[in-house]
Each structure stands twice: as structure tokens, then as C-alpha cells.
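Below are the chains, spelled out letter by letter.
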Amino acid sequence: MIPVLRLDGVSFSYGSVPALADVSFDIAPGERVALLGRNGAGKSTVVRLIAGLQRPDEGTVWVGDWDTRDCAPEELARRVGSLFQHADQQLFASSVRDDVSFGPRALGVGEREVERRTDDALEDLDLTPHAAHHPYDLPPALRKLAALAGVLALEPALLVLDEPTIGLDRALRARVTRGLLERSAAGAALLVITHDLTFAAETLERGLVLDRGTLACDEPLAALLGDATRLEPFGLEPPPVAALSAALDLPGRPVRAAEAARELARVARGRPAP
Amino acid sequence: MRSLTLEGVSFWYPATDSPALRNVSLHVARGEIVALVGALGAGASTLLLVAADLAPRVTGGRLTGSAARHDRSGIVLPTPWTQASGMAFSVWDEVAFGPANLGWPTHEIARQVDRAIEQLELAPLASRDPVTLSGGELQRVIIAAILAMDPGLVLLDEPAAELDSDGARTLWRLIRLLAKEGKAVLLATSTLDALPEVADRVVWLEDGAIRAVGPPDLLADVAACDAGLGTSVATVWRTSGLPGPYPLTVAHALRRWR
């Protein structure tokens with residue numbers, strides 16, 4: 001099977017400032033991947049390369065069987081939906097609904113399909129009550145969600161999301177998790193940049209770590225997030241649920257809240273009463 | 001000594017019927033760190049804009065009640081990239097932009113800028129063009145730029161949003177240091193797990209009004225957990241069905257478990 005995304009020996013510099021050096025990895029359909037690392041490690045550069053906004057200095061970025069060098073960003077949008085770090089840069093319509101529907105309409109899908117995709121994306125992220133609002137009347141966190149809805153409405157094979165949960169409360173983060181899990185179950189691959197390791201633990205399954213522009217780690221996310229000594233060199237620390245599981249030595253060291261609560265209850269039942 | 005006093009503040013954004021803040025009374029003392037928590041739209045960001053005298057002065061709208069600032073304030077917005085001057089070709093100059101506009105003498109500008117750059121651990125980036133920075137790096141630059149103006153009342157809206165773990169640790173440590181120096185800090189954050197180590201008081205906002213005020217233990221409260229405002233550890237404990245009171249942090253949980 002052709003990967004949805006393949007970076008093959010990719011290097012990139014901003015003028016004299018190196019950003020990525022010989023980065024290679026593949027993502028399969030339906031995979032849910034976290035891209036982690038310090039500020040300035042090169043994560044957002046990966047997003048820009050995949051979206052076709054930058055071209056690699058060396059190596060190749062393949063989106064399916066397309067070499068991004070040969071594709072304009074608007075062509076790549078048929079396969080890649082990108083949420084940029086500062087989502088304000090991708091909102092421009094006078095209502096949330098118009099913004100969300102712009103992408104599928106630009107792809108040339110029929111009007112009934114545009115409506116369906118727009119409704120689904122708004123519903124997935126609890127944005128239906130805000131559909132008629134001007135995006136700039138919303139708080140920044142909801143503006144980012146509106147931009148994410150626009151990306152979901154493209155229904156692409158690959159979702160590349162840069163910090164999708166900034167400023168969201170727990171209920172909305174759970175909503176984003178649920179929406180992304182549904183898209184993944186339907187076959188979309190996810191590549192998510194996030195410093196919100198609690199959200200990553202709940203949503204994603206594989207962890208890539210960039211360290212000063214090189215790929216330093218590629219392994220199952222749950223094992224990585226539960227291992228403080230592995231995370232420490234990358235400036236990361238286990239999210240609280242993983243730290244709790246490790247501290248209490250819960251079986252399986254769960255990193256997701258519901259699993260940790262279940263294990264906690266199970267172990268507590270087997271302990272003598274204090 | 002108070003740095004900020006809000007008495008019975010209600011606030012309406014322009015062309016809205018429903019108030020974004022409802023009868024909020026809150027004071028923040030010098031040397032105190034107060035954290036605002038709540039669901040999205042609960043009013044935390046609006047409260048910071050009122051505290052900064054940006055609402056209604058800049059936003060428009062209508063305010064009733066009184067908001068008194070006893071110190072000069074500086075605010076870091078949840079969109080820090082919109083606060084960059086766009087006129088500086090180095091991080092040092094970006095941080096100097098605010099102090100320079102305060103009309104301070106050159107040596108005082110340099111002293112404050114050097115100090116803020118050191119506090120945010122930005123020295124390795126000092127000569128970089130701000131447009132080449134990552135989002136998290138730029139967030140630290142904007143925080144430094146605000147602190148370089150030496151505000152007595154520091155207002156921070158989601159200040160750790162784009163920071164990596166190291167950057168967030170540095171920031172929370174710095175906030176404690178600022179309070180120790182006598183500054184008043186009022187911050188809004190969805191990073192609830194950081195607050196037990198940082199905040200002196202937590203203010204829970206709901207639908208524009210204050211629902212509860214208390215020490216960070218508030219974040220292990222049953223009602224807070226049920227409203228999605230418990231710390232991760234407290235929430236796991238509650239979900240597990242174990243009896244309360246719920247531990248606030250991993251360290252508390254470990255003590256309880258033993």
C-alpha cells in the first residue's frame with residue numbers, strides 16, 4: 001500500500017538557519033501520529049513542506065504518489081488538509097459556515113455535498129451554534145476550531161494539524177479527539193503537532209520526536225509518554241495521567257484518563273482497606 | 001496592597017445583549033498570583049481585557065461597576081503574534097520596542113531588555129529576526145517584551161499555550177519570581193495541571209460570573225471535576241469511583257495511595 005505521506009531524506013533551511021536535516025518517515029492510511037519536540041525543533045516547517053508552502057532543499061516529500069515539488073498548494077489540498085499554527089491566517093469569510101464551506105466548494109464538489117461536509121464538520125466540533133457568526137467575533141480558541149472545521153470539510157486523506165487544542169477547555173478537547181478518531185476510523189491519516197501531551201495521549205498512537213531538525217524518535221506513543229527518562233532529553237515530560245500510572249505502578253501503565261481510572265479502581269478493589 | 005480592584009463589574013461587547021461579565025468583584029494584591037479558570041467563553045479573557053483597561057476603551061461595549069488599577073499593567077494576549085511590532089529585525093530590538101516607547105533613557109531600556117531576555121532564556125535567540133521564530137519562541141519574546149516594560153500588574157492570557165515543556169516550566173517559575181518581587185499576576189489558562197504549583201488563588205468563572213474562589217485545592221473539588229475543571233489526577237480519581245477528597249497532583253496521589 002502506498003503511504004499517505006512519505007518524507008524521504010528531507011532537509012530545509014530558512015536562509016542560513018537550518019530547520020530540518022535528512023528527515024525520513026512514512027504515514028499509512030488511518031494512522032494517528034504525534035509530531036513532538038521543543039519549540040524551534042522544525043515541527044511547523046514539516047507542516048509547511050507537506051502543504052507545499054515550502055519546497056525541500058534536499059530530499060522529497062511525497063503525498064501519496066505526488067511529489068510536492070510538482071504540485072501547487074491548491075492541488076495538494078485535494079489530499080492534505082492543513083491547520084496552521086496561527087489559524088487566523090486561514091480564516092477570511094464573513095461567517096463560520098462560509099469559511100468552512102469554502103474548501104470543499106473550491107475543490108469543485110457538488111453543492112449538496114458541500115452542504116453535507118460543512119454540516120458534518122461543524123457538528124463534529126460543536127460549532128453549529130456559531131455557524132452564522134463572523135469568525136473574528138469568536139475567541140481565538142474557537143477561531144482555531146473554525147479553521148479546523150474547514151480542514152475537516154475537505155475530507156482529505158491526510159490531516160496535518162499544528163496545535164489544534166490551544167486554549168480549548170476539556171470538553172472541547174474531548175470533542176476534537178472524538179472528531180479526529182472518527183475521521184481516522186474512516187481512513188484519514190493524522191499528523192498532529194502538539195505540546196498538549198494529554199490530548200496526544202487520548203487521541204494518537206504513534207510518536208515522532210524532532211530534535212534540532214532531526215528525527216530522534218519514532219515509536220508507539222503510549223510507551224514513549226510513560227517513560228520520563230526517554231522524554232527528558234527532548235525537553236518533554238510525561239503528561240499527568242502517565243505520571244500517575246507510573247507513580248502508582250498501575251498495570252499496563254495507561255496514559256489515557258479512562259483507562260487509568262479503570263485500572264485505579266481495579267487495583268484499589270484488590271487492596272486491603274486502610 | 002492592592003494592584004487591581006474590580007467591584008461589581010459587568011461588561012457587554014458591542015451589539016450584544018448578554019453580558020460577557022456579570023457582577024464580578026475581584027481584587028489582586030501585589031505579590032499575588034491569581035488564576036482564572038472556566039469553560040471556553042466563561043469570561044476569563046474578557047476579565048483580563050477589563051483589567052488591562054482595553055475593554056471597553058479599545059474593544060468598545062459597555063461596562064458597569066468599577067475597575068481600578070493601582071499599578072501600570074502589561075498584558076500578553078492569547079494571540080501573542082499579533083503583539084509583535086513588525087518593526088524590529090532582532091529579538092533584542094523587539095523586546096526593546098515597548099520600553100523605548102515609554103520614553104525611558106537608553107541605559108534603562110538596555111537594562112530592562114537584558115533582564116527580560118535572561119528571564120525568558122532568550123539569549124541564544126537575541127540576534128534572530130523575529131519572523132524566523134517558531135510560535136513558541138515568539139510567545140516567549142512577547143512575554144519578555146511585556147515584562148521589559150516593568151508592569152506592576154502582569155496580565156497573561158494562555159501564556160503557556162505554545163510553549164514546550166521546558167519553556168512552560170521556565171514560565172511558571174518566572175511567574176513565581178515576579179510575584180516574589182511584588183508584582184501582581186492575573187492569568188487565564190486551560191493548563192489546569194500547572195496551577196497547584198503556581199497559583200495562590202483560583203477563580204472559577206462560569207457564564208461571566210464568579211462561581212467560586214479558593215486555593216488551588218478548588219481544582220480537586222467534586223463540582224470542579226464534574227465541570228471539567230479538575231486537575232488530571234483529581235479527575236482520574238473521581239472517575240475511578242474512589243472516595244474523596246481527591247488528590248490534586250501526582251505527589252498527593254502517591255501519598256494517599258501509600
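Predicted model, so just to flag it, every value in this text is computed and none were measured. Residue numbers here run from 1 along each chain, matching the order of that chain's written sequence. The order in which chains are written sets their letters, starting at A; the order in which ligands are written sets their numbers, starting at 1. Given that the model is predicted, a residue must reach a pLDDT of at least 70 before its local features are reported, and side-chain atom pairs must reach 80 or more before they are shown or counted; all residues, however, enter totals for whole chains, interfaces and linings.

1. Concerning the domain arrangement of chain B
Residues and elements named next belong to chain B. Put simply, the rule is: Residue ranges assigned to the domains are those given by an automatic or database domain assignment. Here, residues touch in the contact sense if the C-beta positions derived from the backbone fall within 7 Å of one another. Secondary structure follows DSSP: runs of H or I at least 4 residues long count as helices, runs of E at least 2 residues long count as strands, and numbering of each begins at the N terminus. In this count, Pro and Cys sit with the nonpolar residues alongside Ala, Val, Leu, Ile, Met, Phe, Trp and Tyr, while Asp, Glu, Lys and Arg are called charged and the others, Gly among them, polar.
Domain assignment breaks chain B into domain 1 (2-217) and domain 2 (218-258). The distance between the C-alpha centroids of domain 1 and domain 2 comes to 28 Å. The interface is formed by 13 residues belonging to domain 1 together with ten residues belonging to domain 2. Taken together, the elements giving at least two residues each to the side of domain 1 that touches domain 2 come down to α6 (195-198), β8 (201-206) and β9 (209-214). Here the residues of the side of domain 1 that touches domain 2 are counted per class, giving ten nonpolar, one polar and two charged.

2. Regarding the confidence of the model for chain B
Selection criterion: Values of pLDDT, the confidence the predictor places in each residue, fall between 0 and 100.
Taken over all residues, the pLDDT of chain B has a mean of 95, while the share at 70 or more is 100%. Predicted complex, confidence summary: ipTM 0.91, pTM 0.92.

3. Considerations on the sheet that holds strand β5 (residues 73-76) of chain B
Residue and element names in this part refer to chain B. Here is the rule we go by: Pairs of strands are assigned from DSSP output, requiring at least two bridges between the strands. Axis lines are fitted through C-alpha atoms, for helices just across the contact stretch, and the angle between N-to-C directions can take any value from 0 to 180 degrees.
With mixed pairing, six strands are arranged side by side in an open sheet as β5-β6-β7-β3-β8-β9. Edge strands, defined here as strands with exactly one partner in the open sheet, are β5 and β9. Across the sheet, the axes of successive neighbouring strands diverge by a mean angle of 20°, strand direction being ignored. Examined bridge by bridge, strand β6 (residues 153-157) and strand β7 (residues 184-188) share five bridges and lie parallel to one another. Across the sheet, the residue bridging to L156 is L187, located in β7. Running over the sheet, helix α1 (residues 44-51) touches β3 (33-37), β5, β6, β7 and β8 and is turned about 150° from β7. Across the face of the sheet, helix α5 (residues 165-180) comes into contact with β3, β6 and β7 while running at roughly 145° to β7.

4. Digging into the interface of chain B and chain A
Counting from both sides, the interface comprises 36 residues of chain B and, opposite them, 39 residues of chain A. Counting residues per element, the ones that place at least two in the side of chain B that touches chain A are α4 (135-147), α5, α8 (232-240) and α9 (250-257) of chain B. Within the side of chain B that touches chain A, the residues separate by chemical class into 13 nonpolar, 17 polar and six charged.

5. A closer look at helix α10 (residues 240-247) of chain A
The criterion, for reference: Any residue with 12 or fewer other C-beta atoms within 10 Å of its own C-beta is exposed, any with 20 or more is buried, and the rest are partly exposed; the C-beta atoms used are placed from the backbone.
The buried fraction of α10(A) amounts to six of the eight residues, a majority that puts the element mostly inside the structure. Within α10(A), burial applies to P240(A), V241(A), A242(A), A243(A), L244(A) and S245(A). Of the surrounding elements, those touching the buried residues of α10(A) are α7 (197-203), α8 (221-225) and α11 (257-269) of chain A together with α8 and α9 of chain B.

6. Focus: the environment of L40(B)
On the secondary structure map, L40(B) appears in the loop between β3 and α1. Between the C-alpha atom of L40(B) and that of S190(B), which follows or precedes it by 150 residues, the distance is 8.9 Å. Sequence-distant contacts of L40(B), that is, excluding residues within four places in its chain, are made with P139(A), A141(A), L142(A), L168(A), D169(A) and L172(A).

7. Some remarks on the packing of helix α2 (residues 91-101) of chain B against α4(B)
Residues and elements named next belong to chain B. Counted only if it meets this: Here the word oblique covers every angle except those under 35 degrees (roughly parallel), over 145 (roughly antiparallel) and from 65 to 115 (roughly perpendicular). Two helices crossing with the near one rotated counterclockwise from the far one by less than a right angle form a left-handed crossing, whereas a clockwise rotation gives a right-handed crossing.
Where α2 meets α4, the closest approach of the two axes is 7 Å, and the angle between their N-to-C directions is 40°. With respect to α4, the axis of α2 lies oblique. Taken as a pair, α2 and α4 cross one another with a handedness that is right-handed. Across from V91, E94, V95, F97 and G98 in α2, the residues of α4 making contact are V141, A144, A145 and I146.

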